[in-house]
Amino acid sequence: MPSATLLAAIDMQNVFAAADSPWRTPRFPDVVGPIRPLATAFRGDVVFTRFIAPTEPVGSWRPYYEQWPFALQPPDAPLWDVVDELADLAGRTVSAPTFSKWRQLSAELAPGGRLVLCGVSTDCCVLSTALEAADAGAEVVVVEDACAGLDDTTHAKALEIMDLYAPLVRVVDLAEALALAQGS
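The residue count restarts for each chain, going from 1 along the sequence in the order it is written. Only residues with pLDDT of 70 or above have their local features reported here, since the model is predicted, and side-chain atom pairs are shown and tallied only from 80 upward, although totals for entire chains, interfaces and linings are computed over all residues. To obtain the side-chain values, all non-hydrogen atoms of the structure were included, while hydrogens and water were left out.

A. A look at the packing of helix α2 (residues 28-41) against helix α8 (residues 174-183). Lines fitted to C-alpha atoms define the axes here, with helix axes fitted over just the stretch in contact, and angles between the N-to-C directions of these axes take values from 0 to 180 degrees. The numbering of helices and of strands both runs from the N terminus, where a helix is a DSSP run of H or I of at least 4 residues and a strand a run of E of at least 2. Two elements in contact, α2 and α8, have axes separated by 9 Å at closest approach and are oriented at 15 degrees. Relative to α8, α2 is oriented roughly parallel. Both α2 and α8 take part in a crossing whose hand is left-handed. Where α2 approaches α8, its residues P34, P37, L38 and A41 are matched on the opposing element by L174, A177, L178 and A181. The labels follow the angle: roughly parallel below 35 degrees, roughly antiparallel above 145, roughly perpendicular from 65 to 115, and oblique for the rest. It is the rotation of the near helix from the far one that decides the hand of a crossing: anticlockwise by less than a right angle makes it left-handed, clockwise makes it right-handed. Contacts are assigned to residue pairs with any non-hydrogen atoms lying within 4.5 Å of each other.

Now the structure itself:
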């Protein structure tokens, strides 16, 4: 049954956490801590997303994977796993070979529901998911201190861009997101 409020932990995967990964998000470790209480507070209304490579890249994804050939691995490759620190909370997962995870999450959220986003990276998959979900009519809440970008500057810019979409997208801190969980 779709949730009225859903927490989506975006792409908390080894590929973005590992120190030797070309896609490493430097502040990844900083958001693991805030995501744990969020996932606990939202209880069963939590979905973890996974970015995965397509079997065969098409269109604009061809040059993308020419730039990042290391990522052309099957969906069950360890680099796509949710990090060990959060794996116990990642019971429900959806996977997509796209930056936005809205299409997969939309089946989990009741029409007109609230989608609460955290994860990585603020300036790519979180941003893409937030804007597509808002366009589809979901109320979108982004938890700024439970997201990490490729660097502090792009993280701040992405939050600023999403804040421009208010009231369709709201940027909140962890305390406000936890309060929303209690009210849902």
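B. Spotlight on the pairing of strand β5 (residues 139-148). Buried residues are those whose accessible area, probed at 1.4 Å on protein chains only, stays under 20% of the maximum for their type, while exposed residues exceed 50% and partly exposed ones sit between those limits. Among the 10 residues that make up β5, 7 are buried, leaving the element largely enclosed by the rest of the structure. Pairing of strand β4 (residues 109-120) with β5 involves 6 bridges; the strand directions are parallel. Across the sheet, residue L117 finds its bridge partner in β5, namely V142. Consider the strands pointing away from the viewer: the crossover is right-handed when the path from the first strand over the helix to the second runs clockwise. Crossover β4 to β5 through helix α6 (residues 122-135) is right-handed. Pairing of β5 with strand β6 (residues 169-172), which is carried by 4 bridges, proceeds in the parallel orientation. Bridging from a neighbouring strand, V140 pairs with V169 of β6. Two strands form a pair only when DSSP identifies at least two bridges running between them.

C. Looking closely at the nonpolar core. Nine residue types can take part in a nonpolar core, namely buried Ala, Val, Leu, Ile, Met, Phe, Trp, Tyr and Cys, and a core is a set of them joined through side-chain atoms within 4.5 Å. Counting 40 residues, the largest nonpolar core has M12, I35, L38 and W80 as its most contacted members. Elements supplying a minimum of two residues to this core: β1 (3-10), α1 (14-17), α2, β2 (46-51), β4, β5 and α8. For this core, the element with the most residues is α2, which contributes 7 residues. Leave out the neighbours within four places in its chain, and I35 touches A9, M12, F48, L86, C118, G119 and A146.

D. Structural view of unusual backbone geometry. Here V120 and S121 are connected by a cis peptide whose omega angle stands at -20 degrees. Within the fold, S121 resides in the loop between β4 and α6. Note that the residue after A166, namely P167, is joined by a cis bond; omega there is 10 degrees. Assignment of secondary structure puts P167 in the loop between α7 (152-163) and β6. Positioned with a positive phi, D11 is a non-glycine residue whose angle comes to about 55 degrees. Within the element layout of this structure, D11 appears in the loop between β1 and α1. Of the residues examined, D11 reaches a relative accessible area of 0% and is grouped as buried.

E. Region of the structure containing a nonpolar patch on the surface. In this scheme, patches are assembled from residues that exceed 30% relative accessible area and form no salt bridge. Like charges are connected within 9 Å, while nonpolar side chains (Val, Leu, Ile, Met, Phe, Trp, Tyr) are connected within 5 Å. Computed by Shrake-Rupley with a 1.4 Å probe, the accessible areas treat only the displayed protein chains as cover when residues are assessed. A pair is scored as a salt bridge if a Lys or Arg side-chain nitrogen falls within 4 Å of a carboxyl oxygen belonging to Asp or Glu. A contiguous nonpolar patch, built from I161, L164, Y165 and L168 and spanning about 390 Å² of accessible area, is present on the exposed surface. Structurally, the position occupied by L164 is in the loop between α7 and β6. For L164, a relative accessible area of 67% corresponds to the exposed category.

F. Molecular detail of the packing of aromatic side chains. Note on ring pairs: Phe, Tyr and Trp rings are taken, using the six-membered ring of Trp, and paired if centres are within 6.5 Å. Classes follow the plane angle, with under 30 degrees stacked, over 60 edge-to-face and the rest tilted. Here the structure, examined in full by the defined rule, presents 15 aromatic pairs. Arranged with centres 6.0 Å apart and planes meeting at 10 degrees, the rings of F16 and W23 form a pair that is stacked. Here the two residues F16 and W23 agree in accessibility, since each one is buried. Between the aromatic rings of W23 and F70, the centroid separation amounts to 5.1 Å while the plane-to-plane angle is 75 degrees, which identifies the pairing as edge-to-face.

G. Structural detail: the packing of α6 against α7. Contact geometry of α6 with α7 gives a least axis separation of 9 Å together with a crossing angle of 15 degrees. Taken together, the axis directions place α6 and α7 in an arrangement best described as roughly parallel. Relative to α7, the crossing made by α6 is right-handed. Taking contact as the criterion, the partners of T122, D123, V126, L127 and A130 in α6 are, on α7, T154, H155, A158, L159, I161 and M162.

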